[in-house]
Amino acid sequence: MYIDSHCHLDRLDLSEFDNNLDNVVAAATSAGVSHLLCVCVTLKDFPAMAEKTAPFDNVLLSCGAHPLNQEDAINENNLAKLATHPRVIAIGETGLDYHYAPETKALQLDSFRKHVRVARACDKPLIIHTRDAQQDTLTILRDEKASDVGGILHCFTETWDMAKQAIELGFYISFSGIVTFKNASALREVAKLVPDDRFLIETDSPYLAPVPHRGKQNQPAYVVEVAKHLASIRGQSVEDIARLSSENYRRLFKL
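Remember, it's a predicted structure, so these values are computed and weren't measured experimentally.

**Some thoughts on the overall build of the protein**
Counting its regular elements, the protein contains 9 helices and 8 strands. Relative to a compact globule of 255 residues, whose C-alpha radius of gyration would be 18 Å, the protein shows 17 Å and is just as compact. Considered along the principal axes of its C-alpha atoms, the protein spans approximately 40 × 40 × 35 Å. Counting across all 255 residues of the protein, residues that qualify as buried make up 59%. The long-range fraction of contacts in the protein, counting pairs at least 24 apart against all pairs at least 6 apart in sequence, stands at 72%. Side chains of the protein give 27 positive and 34 negative charges; the mean places of these two sets differ by 3 Å.

The following block contains the structure:
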């Protein structure tokens, strides 16, 4: 069985699924995906996300604000309160993105530090988004002692050097459909090097659908394609990829 360690079920266009989230989860289950982690990107949207996914015992949640969503300053008390929700197992996604919004760098840095502090206070792992901000991301993880809780560098697209340093800090490296893209040869080289006990798989749906579904809306069922490509890249069976990534997920989140 597979686990989609990062999806945004509340961002899916459900018109493709008869306007019913049940059909999305059922498609994932039919594909062999046993559990989903639905990741929050703005604090104001968390209550609606939690309500929408409440019927599904196999869907757990995170709470946090994506680094590109800096409309409102992060209130640590508010974030900590949301983190007490019984289905929240992670803080994020948080992090830094200088590729799309370098002008909000100061806000991103402040938000990221607050997320790490809350994660440590509530003893929950972090879900990190990082793009074109390798050094600042690692610096904050070290400065704020993020190794106390660990977490995931999700949808990883950076270098092996960054992955190695993050792993040393107790983080896992998660691969998305990007690893299947034709122009992702450098990322595939990284995927070969991540230890068996430190990788995860994800869709980041509805974004970044893997080959052969590229160009379509992504969905949790497609995490199987990520697993198939990783198996080929790493010289392992797809069954091994499913088992190892699921074991890693459960170890990280103490499930």
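**A word on the packing of helix α7 (residues 185-193) against helix α8 (residues 223-234)**
Look at α7 against α8: their axes get within 9 Å of each other, and the N-to-C directions meet at 75°. With respect to each other, α7 and α8 are oriented roughly perpendicular. Contacts between α7 and α8 involve R188, A191 and K192 from the first element and L230, I233 and R234 from the second. Along the lines of polarity and charge, the residues of the contact of α7 with α8 split into 3 nonpolar, no polar and 3 charged.

**Here we look at the pattern of salt bridges**
Tallying each qualifying case throughout the model produces 15 salt bridges. A salt bridge links D10 to R11; the nearest nitrogen and oxygen atoms lie 4.0 Å apart. A relative accessible area of 33% places R11 in the partly exposed class. When salt bridges that share partners are traced, they join E76, R113, R117, D143 and E144 into one network.

**Quick look at α7**
Where α7 is concerned, the buried positions are L187, R188, V190 and A191. Axial view of α7: buried residues confined to an arc of 155°, hence all on one face. Those residues of α7 that are buried lie in contact with α6 (160-168), β7 (171-175) and α8.

**Some points on the pairing of strand β4 (residues 88-97)**
Most of β4 is tucked away: 10 of the 10 residues are buried. With respect to chirality, the unit in which β4 leads through helix α4 (residues 105-122) into the neighbouring parallel strand β5 (residues 126-131) is right-handed.

**Quick notes on the sheet that holds strand β3 (residues 59-63)**
Across the sheet, which stays open at both edges, the 8 strands sit in the order β1-β2-β3-β4-β5-β6-β7-β8 with parallel pairing between neighbours. The outermost strands of the open sheet, each flanked by one partner alone, are β1 (2-7) and β8 (199-201). Taken pair by pair, the neighbouring strands of this sheet meet at an average axis angle of 30°, ignoring direction. Alignment of β1 against strand β2 (residues 33-38), held across 4 bridges, turns out to be parallel. Bridge pairing in β2 places D4 opposite L36. The strands touched by α6 are β5, β6 (151-153) and β7; relative to β7, the strand with the most contacts, the crossing angle is about 140°.

**Focus: the nonpolar core**
With 74 residues, the main nonpolar core has L9, F46, L126, F171 and I173 as its most contacted residues. Leave out the neighbours within four places in its chain, and L9 touches L21, V24, L36, C38, T53, V59 and P220. Judged by nonpolar contacts, the second largest core, of 13 residues, contains V39, I89, I127 and Y172.

**Examining the side chain of Q165**
Following the sequence through the fold, Q165 ends up in helix α6. Once residues within four sequence positions are removed from consideration, Q165 is found in contact with L138 and R142.

Thresholds, definitions, all that
Residues numbered from 1 in each chain as written. Predicted model: local features only at pLDDT ≥ 70, side-chain atom pairs only at ≥ 80, totals over all residues. Heavy atoms only, no water. Helix = DSSP H or I, 4+ residues; strand = E, 2+ residues; numbered from the N terminus. Rg over C-alpha atoms; globule rule 2.2 N^0.38 Å. Buried < 20%, exposed > 50% of the residue type's maximum accessible area, 1.4 Å probe, protein only. Contact = heavy atoms within 4.5 Å. Lys, Arg positive; Asp, Glu negative; His and termini not counted. Charge placed at Lys NZ, Arg CZ, Asp CG, Glu CD. Axes fitted to C-alpha atoms, helices over the stretch in contact; angles between N-to-C directions. Parallel < 35°, antiparallel > 145°, perpendicular 65-115°, else oblique. Nonpolar A, V, L, I, M, F, W, Y, C, P; charged D, E, K, R; others polar. Salt bridge = Lys/Arg side-chain N within 4 Å of Asp/Glu carboxyl O. Arc of directions from axis to C-beta. Right-handed = clockwise from strand over helix to strand, strands pointing away. Pairing = 2+ DSSP bridges. Core = buried A, V, L, I, M, F, W, Y, C linked by side-chain atoms within 4.5 Å.

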